[in-house]
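Observations on the three-dimensional arrangement
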Amino acid sequence: MVRAIVVGAAGRMGGRVIHTIHESEGIEVSGAVERPDHPFLKRDVGEVVGLGEIGVLLEGDIEAIIEAGEVVIDFTNPGVSLKSLEVASRRGVAMVIGSTGFTPQQMEKVARLAKKTACVLSPNMSVGVNLMFKLVGVIARILRDEYDVEIVEAHHRFKKDSPSGTAMKLGEIIASALNRDFPQVGVFGRRGVIGERKPQEIGMQAVRAGDIVGEHTVIFGGLGERLEVTHRAHSRDNFARGAVRAAKWVTTQPKGLYDVGDVLGLK
Ligand code: NAD
C-alpha cells in the first residue's frame, strides 16, 4: 500500500485526488496539508472533501507529517510545491507536482531538488494530453515550416496563470520539433495593426470563461487546408487519475525528474 500525502487537500484538485485515491487499489491517503490559516485545519480531510470520515486530519505544515508518506501529491502553486519538494527531497520521499506556472528559475530549482528524490512534474496529468504532446511533435516535424502554428486554450474563470502550463508545453514541444526558440517565436495575443504574420511565429491565445475544465487546440494552418488537434477535459477527474497513477509509479523509480510521458512509457 503506497501512503500518499496530499498538499492543497481542500482545493479543487486536492479534493478530486483524495476521492480518486479513496477509489483506487494499492494507495491510501496518509496525510493532508493546507495553508496554515485554512479554516478547516485539524478536521478530518475526508469530511472536508465530502467523502465522510477517513481518519486523516488536515494539517497546516507538511514538515510535521512528512514521515507519514512515501509520496507527496501537490496541486497548489509553484511556491508551495517547491517548499513541499524541499521537505520531501530531504527525507527521500517521492513527489508528484501538478501545480502550473513555474518560472524558468523555479524549474531549475525543481530539477536541482529532484536529484535527491524521484519527482514527476507535469502541467497536465491527463493521458490524452500527454499523448497529444507526443502527436504534435510528430505532426510538426512532418509539416515543417509550411504550416502556421497557433495554440488556443480555454479554462475556467478562476484560473490564475495564463497561458496554461499545458499550452506552454505544447508550444515548447512544437518549437523544438521545428528548431525554433520558443521564447523568441511565441506570440502571446495580438492587437492593433501588427502587420502580416511571420512564418516562424507560434501564436498563443488564452480564453477564460465560466467553468471550462480545460481545452487545448493546436492549429497547423496551411494554404488550402488546416489540421487541428484538440483535447477536451470533461472533468478534473482525468487529472486526478493521472496524478494517482504517477504517484504509484514514482515510488518505484530512481531519483530524478520525470513527466507523465515517462509514467505512460511514451518516450
Ligand atoms: P485551488 O485554488 O482550488 O487549490 C489550491 C489549494 O492550495 C487551495 O485549497 C489553497 O488553500 C492551497 N494552498 C495554498 N497555499 C498553501 C500552502 N502554503 N500549503 C498547503 N496548501 C496551500 O486550485 P486548483 O484548481 O486545485 O489548482 C491547483 C494547481 O493545480 C494550479 O496551479 C492549477 O493550474 C494546477 N492544475 C494542474 C493540473 C494538472 O493536470 N497538472 C490540473 C488542474 C489544475
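Before reading further, recall that the structure is shown in the block above.
Below, the structure is looked at part by part. (Residues numbered from 1 in each chain as written. Predicted model: local features only at pLDDT ≥ 70, side-chain atom pairs only at ≥ 80, totals over all residues. Heavy atoms only, no water.)

Topic: the nonpolar core
In a soluble, globular protein the nonpolar side chains are often hidden away together inside. The condition that has to hold: To define a nonpolar core, start from buried Ala, Val, Leu, Ile, Met, Phe, Trp, Tyr and Cys residues and group those joined through side-chain atoms within 4.5 Å. Note on classification: 1.4 Å probe, protein chains only; a residue is buried when its accessible area is under 20% of the maximum for its type, exposed when over 50%, partly exposed between these limits. Secondary structure is summarised from DSSP: a helix means a run of H or I of at least four residues, a strand means a run of E of at least two, and numbering begins at the N terminus for each. In this analysis, two residues are considered to be in contact whenever any of their non-hydrogen atoms come within 4.5 Å of each other.
Counting 37 residues, the largest nonpolar core has Val-17, Ile-21, Ile-73, Val-96 and Val-120 as the members making the most contacts within it. Residue contributions to this core peak at eight residues, all from helix H9 (residues 237–250). Not counting residues within four places of it along the chain, the set of residues in contact with Ile-21 comprises Ala-4, Val-6, Ile-27, Glu-28, Val-29, Ile-73 and Val-244.

Describing the sheet that holds strand S11 (residues 226–233)
Selection rule: A pair of strands counts as paired when DSSP detects no fewer than two bridges linking them. Fitted lines through C-alpha atoms serve as axes, helices being fitted only where they are in contact, and the angles separating the N-to-C directions of these axes extend from 0 to 180 degrees.
The mixed open sheet is built from five strands, whose spatial order is S8-S9-S7-S10-S11. At either margin of the open sheet sits one strand with a lone partner, and together these are strand S8 (186–188) and S11. On average, adjacent strands in this sheet sit at an angle of 15° to one another, irrespective of strand direction. Looking at chain direction, strand S7 (residues 148–155) and strand S10 (residues 214–221) are connected through seven bridges and run antiparallel. From the neighbouring strand, Val-149 faces S10, where its bridge partner is Phe-220.

Focus: the packing of helix H4 (residues 78–91) against helix H5 (residues 104–113)
Defined as follows: Any angle from 65 to 115 degrees is called roughly perpendicular, while one under 35 is roughly parallel, one over 145 is roughly antiparallel, and all others are oblique. In this scheme the crossing of two helices becomes right-handed for a clockwise turn of the near helix relative to the far one and left-handed for an anticlockwise turn of less than a right angle. Only Asp, Glu, Lys and Arg are considered charged, only Ala, Val, Leu, Ile, Met, Phe, Trp, Tyr, Cys and Pro nonpolar, and every remaining residue, Gly among them, polar.
Between H4 and H5, whose axes approach to 10 Å, the crossing angle comes to 15°. In this view, H4 runs roughly parallel relative to H5, as classed from their interaxial angle. The crossing of H4 and H5 is left-handed. Across the interface between the two elements, Pro-78, Gly-79, Leu-82, Leu-85, Glu-86 and Ser-89 from H4 touch Gln-106, Lys-109, Val-110 and Leu-113 from H5. Partitioning the contact of H4 with H5 into residue classes produces five nonpolar, three polar and two charged.

Here we look at the environment of Ile-194
Looking at the element boundaries, Ile-194 is found in the loop between S8 and strand S9 (202–208). Overall, Ile-194 belongs to the partly exposed group, its relative accessible area being 49%. Between the C-alpha atom of Ile-194 and that of Arg-180, which follows or precedes it by 14 residues, the distance is 21 Å.

Details of the packing of aromatic side chains
Rules: Centres within 6.5 Å are what make two rings of Phe, Tyr or Trp a pair, Trp counting through its six-membered ring; a difference in plane orientation under 30 degrees is then read as stacked, over 60 as edge-to-face, and the rest as tilted.
A full pass over the atoms with the stated rule returns two aromatic pairs. Relative to Phe-188, the ring of Phe-182 has its centre 6.2 Å away and its plane inclined at 65°; by these criteria the two rings are edge-to-face. Judged by relative accessible area, Phe-182 falls into the buried class, the value being 6%. Pairing Trp-249 with Tyr-258 gives two aromatic rings, centres 5.1 Å apart and planes at 90°, and the pair type is edge-to-face.

Without other data, these values stay purely geometric and don't point to any function.
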